[in-house]
Each structure stands twice: as structure tokens, then as C-alpha cells.
Amino acid sequence: ETKRKTAFGSVGRRIPYRILHVINQDGESLGNMHRAEALKLMDQHDLKLVLLHENAEPPVYRLMTGQQIHEEQLKRAKKKASSKPGTFIKELSFSSTIAKNDLETKTKQIAQWIEKKYHVKVTIRQAK
């Protein structure tokens, strides 16, 4: 699967599809229309077009105000932040013949990770 679009915002005038399903700023469906009609509506009402569902046939776009886009971006950011799992594992491996200075540097890094509440896995490889 291709990378999912994480950015949520106005597509401007760059619309790769000829026929779109358009929803107005109140959430009411305006039906399928040609991209030129959608752009004309966008200009008349001083709104922005936002892609909602790219995989639908035809793709679904919504006319939104700048304020509505901003609120949706904040909502998605909060959802993304709260959906992160609580445990992160950091893994570090080094040779048993590591130099003293390198060992001290890696020890400091481990201490920083522990302060940030990460679980740390250390692997020591035996030299030859």
C-alpha cells in the first residue's frame, strides 16, 4: 500500500480528478460534479477544498473554511498523540572490546532514555 496522506488541509487548485463528490461546509452532499464546477463554488463562497476520501469512486472532497480546517487539524493531532502506546523500547548493541570513552557516551545515552521512561535493551557482542 502506498504511504497514506497524513497532512490534512486545502488541496488548493491541484485536483487530479475530473469528477468529484463534493460536500458543503455544513456537511450536506452536493453530489458529483466536474472539477471546474467545484473550483467555481470554492471561489464564489471563499472556501477551500479538502480531500476526505481518495479511494472512493469518485473521490470525496469537502468545502471548508480556514477555521474548520484548523480545528480538524488540531483534533487529528490530539488523536494521534493520544493513540501512541505507552511503552517505547530502545535497543543498543556494542562489542565487548568497546573503548572506555565510547562506553561512557553510550552509558549517558542509556541514562537519558531511562529518564524519558523508555525501556532499554542492551546487547553486548563478544569480540572474535
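As a reminder, the structure under discussion sits directly above these lines.
The structure presented is a predicted model; accordingly, all values stated were derived computationally and were not measured.

Draft legend 1. Representation of the pairing of strand 1 (residues 19–23). Relative to strand 2 (residues 29–34), strand 1 runs antiparallel, the two being bridged by five bridges. Directly across from Val-22, in strand 2, lies its bridge partner Gly-31. Two successive antiparallel strands, strand 1 and strand 2, enclose a turn made up of five residues, where Gly-27 displays a positive phi of approximately 95°. Where strand 1 meets strand 4 (residues 60–64), three bridges bridge the pair, whose relative direction is parallel. In the strand pairing of strand 4, Ile-23 is matched with Arg-62.

Draft legend 2. Geometry of helix 1 (residues 35–44). The complete set of buried residues in helix 1 reads Ala-38, Leu-39, Leu-41 and Met-42. All buried residues of helix 1 fall inside an arc of 160° around its axis, so they share one side. In helix 1, the exposed positions angled more than 90 degrees off the buried face are occupied by Lys-40 and Gln-44. Looking at the buried residues of helix 1, the elements they touch are strand 1, strand 2, strand 3 (48–53) and strand 4. Of the residues one or two after helix 1, Asp-46 is the one with positive phi, at around 55°.

Draft legend 3. Representation of the nonpolar core. In this structure, Ile-15, Leu-49, Tyr-61 and Leu-63 are the most contacted members of the largest nonpolar core, which totals 14 residues. Listing elements by their share of this core, those giving two or more residues are strand 1, helix 1, strand 3 and strand 4. Examining the composition of this core, we find that four residues originate from one element, helix 1, more than from any other. Filtering out sequence-adjacent residues up to four positions away, Leu-49 remains in contact with Gly-9, Ser-10, Val-11, Gly-12, Ile-15, Ala-38, Leu-39, Met-42, Tyr-61, Arg-62 and Leu-63.

Draft legend 4. The environment of Pro-59, seen in detail. By the secondary structure assignment, Pro-59 is in the loop between strand 3 and strand 4. A relative accessible area of 4% places Pro-59 in the buried class. Taking the C-alpha atoms as reference, Pro-59 lies 8.6 Å from Val-22; in sequence the two are 37 residues apart. Contact partners of Pro-59, with chain neighbours within four places excluded, come to Tyr-17, Ile-19, Leu-20, His-21, Leu-51, His-53 and Glu-54.

What counts, and at which threshold
Residues numbered from 1 in each chain as written. Predicted model: local features only at pLDDT ≥ 70, side-chain atom pairs only at ≥ 80, totals over all residues. Heavy atoms only, no water. Pairing = 2+ DSSP bridges. Helix = DSSP H or I, 4+ residues; strand = E, 2+ residues; numbered from the N terminus. Buried < 20%, exposed > 50% of the residue type's maximum accessible area, 1.4 Å probe, protein only. Arc of directions from axis to C-beta. Contact = heavy atoms within 4.5 Å. Core = buried A, V, L, I, M, F, W, Y, C linked by side-chain atoms within 4.5 Å.

Keep in mind these numbers describe shape, not what the thing actually does.
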